[in-house]
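# Residue-level structural notes
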Amino acid sequence: MSALNTGSMPPSFFRLEHVLRRRVRIVVPTFRKDPERVYALEILLRKRPAICRVRSVPQLGSLAIDFDPRQLPRGSLIALLEAVIPNLGRADDKQRIDRATLRTTGEEREIRFAVEGMTCGSCALLIELKLGRDPRVRQVQVNTATETAVLIGDIPEADAHAIVSNLGYRALPVGSLIERKLLMERQELRLQDAGRRVLWSAALSVPVTVIAMAGWPGGVWRWAQFLLSTPVFFWAGKPFLDKAIKLAKQRLVNMDTQIALGAGSAYLFSTSSLLFKRPYLYFDAVGGIITFILLGRYLEERAKGRAHAAIRRLLDLQPPTAHLLRDGKEISVPVDELRPGDLIVIRPGDKIPTDGVVVEGASRVDEAMLTGESLPVIRTAGHSVVGGCINGTGALQVRVSAVGTDTVLAGIIHMVDQAQSSKLPIQKTVDRIAAMFVPSVLVISGATFAGWLLAGAPLSAAFSNGIAVLLIACPCTLGLATPAAIMVGTGQAAERGIYIRNGESLEIATQLNTVIFDKTGTITEGKPKVTDFWNVSALADAEILSLAAGSEVRSEHFLSKAILSYAKELEHPVYEAEEFATVPGRGIQARVQGHGLMIGNHAWMAESGVDISALADQSSLLATQGKTPVFLALDGRAAALLGIADRPREGALEAIDRLKRLGVDALMVTGDTEATARYIADRVGIKTFIAHAHPERKLEILRELQKKGAKVGMIGDGINDAPALAAADVGFAIGTGTDVAIETADLILANGDIAKVAEAMELSGKTLKIIQQNLFWALGYNSLAIPIAISGKLNPMIACMAMAFSSVSVVLNSLRLQRK
């Protein structure tokens, strides 16, 4: 339905996008990228009994409202919206920046950078909120566990860094692998600094606690507490204070605000009591608060370091220097200085510094980091090598083909980053809770203090209870519950040769109950060979094969490579094609040496009106042997038939059996003949298969299953699999497949081991279970701890200790995924 104007409100503020009997969807343009006002409107609407459900998308300023028309007619609902929306404060609109005054990059792109100084989920939400308000930013995602920010927009990276810096955090580039390594080194230094800060804070705080607990009288001991607590507050607590002050200037709060208020209130209260000789001092609480929070964050950083192990191991694969051949001399240069076209020397035993093509030499190369295979592979002139792999006993000269972020290793790390940074659907609900958490805690803390005073409690008791509420509440557990588990889970997947492109697929994989397999290159090895050849044309065999090879040169399909290899083995010349086109699911057509060629399957020949009856018997014979018949038509007439054999992958039978044990139905859908499909299906234990399936048919089959309620995974390797891979609930691509298939899929199996599908599903289930445990603990902890603190049964120092260790427990629980 087209957008409708309400008639009584300017369309720039409010319009109806969709109108149904029980549901309307509205868009408020001025609310776009403004979560506070969208959520405020959502809360106000939910309070109405006649409104059943409200779903909002702050990025679009959109709300879908389900309502009961008997209690609230549509006209009354629209009148309500007209009355409420203009009254939701627009004070901050004056502070919004006019896009015309801003610098832009001129084109939208993805920017990824590290953020130092984040301590909890509220930090990430705060940065997201601030970056999201910039009109040049279309989408932003900040992850506490990985300490990264990813945004899409046309904002210069320097401007994005400045926005983050103004909030009290530090933005650092991670564009190259060297920068990533430097970032890891900075994290180690930061951990060492945190350790020193904890030790000094504890050394100064313990005597204060001893004096307070001993209750030694006299002004000397009171002043001793002050002198020992002051450096703890101003030096050890400086990170909290600095950040809280910066945020306060922008009228923002986060967990550092909680800590600064708690410790600051105790310090100021105690200092005034000391100066005015009042009896109550809380210097021990100041030291305890800061020391326990620092200790908790130190332990959390250590645990995060273990969770980052997968990325660290990937980064360590690239050597820092390379041996460059320049003017006949070999010189050592940093890897970042290499450029495509450079010639480098790889000595025996060296790690290959970047991607390239061998131009001289022969050696065995260990590619386990890429494929997971333990056996080295032979690489000689013309073969590609990948940066990070280990050279064997031979020396190689390699022409650099890719550097920096364009290398395979950088791509793998980027995929792991994407997966670790992405948010699951469940995290979006958690973010809504966390966004309101700190402000709510501040209000509850103030109410607790006032309530105890009104109830007649002494000032010291009311103050202690208010501080306890402030300190026991922990948004960190909420913020870390999902990303910590995703970070460890995707890291474990990467170590097993499963590269996950997004976190959502990790959540959904465990729910799959049907997996569709392509045949060629997926269930089979993808190393086909021509075993049979029949020529029914007037041309000689050599001429037909030369024409066929010339047609197949530009094709990426496995069968095309087999035909090309066959012609070369027989030392036939390979002609150059004047025209070439791929027909997905059918074959290729080309013009070579003035002849029009079609090479493909039976279905395509029939559709094109090519009579292949002269080859029918041979085709049937090949199919019964499990071979793929490939027809060649020359100038519209059947000319030849090739039989191509491809063995099932080693372990394919066990892989299918493993899926069956998980309760997953395996289905093979292929464009091959029915006889060939049946032969392969029988060999690997698949009972249901569909032959003669072109790409559109594969997509139809997948959608039919989804309509029946099935959660469907698709595993394929070719261009013809791309539509189904994109439409599947989870798409698995064979790592040796085409770029299109890999780019379309959600998970990539590096060495083509289809047993990894079941492994990914099992890991998905374990990760989801850890996430659920983390969320149960996070919500349960806060639900129990805050009421206990309000009741006055919690000492501020104990509250602080509990908060510090609650977030550590979430990270430690996530690390259980590292157990094999």
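Structural data are supplied above this passage.
A brief structural summary.

Counted at 1.5 Å a residue, the expected span for helix α14 (residues 459-472) with its 14 residues is 20 Å, and the 20 Å between its end C-alpha atoms agrees. A large share of α14 lies buried, amounting to 12 of its 14 residues. Every buried residue of α14 is listed here: Ser460, Ala462, Phe463, Ser464, Asn465, Gly466, Ile467, Ala468, Val469, Leu470, Leu471 and Ile472.

This part takes up the environment of Ala266. Considering the arrangement of structural elements, one finds Ala266 in helix α8 (residues 255-275). With a relative accessible area of 1%, Ala266 lands in the buried category. Measuring from C-alpha to C-alpha, the distance between Ala266 and Gly287 comes to 9.8 Å, with 21 residues separating the pair along the chain. Ignoring sequence-local partners within four residues, the contact set of Ala266 consists of Tyr282, Val286 and Phe463.

Once that is clear, we can look at the sheet that holds strand β13 (residues 355-361). The strand order across the open sheet formed by 6 strands is β11-β10-β12-β18-β13-β16, and the pairing between neighbours is antiparallel. Whereas interior strands pair on both sides, the edge strands pair on one side only; in this sheet they are β11 (329-334) and β16 (384-385).

Axis separation between helix α6 (residues 219-236) and α8 bottoms out at 11 Å; the angle between their running directions is 150°. Taken together, the axis directions place α6 and α8 in an arrangement best described as roughly antiparallel. Between α6 and α8 lies a crossing whose hand is left-handed. Contacts between α6 and α8 involve Arg222, Trp223, Phe226, Thr230, Phe233 and Phe234 on the former and, on the latter, Ala263, Gly264, Tyr267, Thr271, Ser273, Leu274 and Leu275. Per-class residue counts for the contact of α6 with α8 are 8 nonpolar, 4 polar and 1 charged.

On to the environment of Thr354. Within the fold, Thr354 resides in the loop between β12 (343-346) and β13. Taking the relative accessible area as the measure of exposure, Thr354 reaches 2% and is therefore buried. For Thr354 and Asp336, which are 18 residues apart along the polypeptide, the C-alpha to C-alpha distance reads 9.7 Å. Residues in contact with Thr354, not counting those within four places in the same chain, are Leu338, Ile344, Val385, Val386, Gly387, Val400, Ala402, Val403 and Thr407. Reaching out from Thr354, the side chain makes a polar contact with the backbone oxygen of Ala402 at a distance of 2.5 Å.

In contact at an axis separation of 8 Å, helix α7 (residues 238-249) and α8 are set at 115° when each is read in the N-to-C sense. Considering the angle they form, α7 stands roughly perpendicular to α8. By crossing handedness, the relation of α7 to α8 is classed as left-handed. Facing Phe240, Leu241, Lys243, Ala244 and Leu247 of α7, the residues of α8 in contact are Asp256, Thr257, Ile259 and Ala260. Looking at the contact of α7 with α8, its residues break down into 6 nonpolar, 1 polar and 2 charged.

Looking only at helix α23 (residues 674-684), the buried set comprises Thr676, Ala677, Ile680, Ala681 and Val684. Along α23, the residues classed as buried sweep out an arc of 130° about the axis, all on the same side. Looking at the packing, one finds that the buried side of α23 touches α17 (519-523), α21 (616-624), β25 (628-634), α22 (652-661), β27 (665-669) and β28 (688-690). Positive phi shows up at Gly685, right after α23, with a value of about 85°.

Each value, and the rule that gives it
- Residues numbered from 1 in each chain as written.
- Predicted model: local features only at pLDDT ≥ 70, side-chain atom pairs only at ≥ 80, totals over all residues.
- Heavy atoms only, no water.
- Helix = DSSP H or I, 4+ residues; strand = E, 2+ residues; numbered from the N terminus.
- Expected span 1.5 Å × (residues − 1).
- Buried < 20%, exposed > 50% of the residue type's maximum accessible area, 1.4 Å probe, protein only.
- Contact = heavy atoms within 4.5 Å.
- Pairing = 2+ DSSP bridges.
- Axes fitted to C-alpha atoms, helices over the stretch in contact; angles between N-to-C directions.
- Parallel < 35°, antiparallel > 145°, perpendicular 65-115°, else oblique.
- Left-handed = near helix turned anticlockwise from the far one by under 90°.
- Nonpolar A, V, L, I, M, F, W, Y, C, P; charged D, E, K, R; others polar.
- Polar contact = N/O pair within 3.5 Å; in protein donor to acceptor, adjacent residues only side chain to side chain.
- Arc of directions from axis to C-beta.

Without other data, these values stay purely geometric and don't point to any function.
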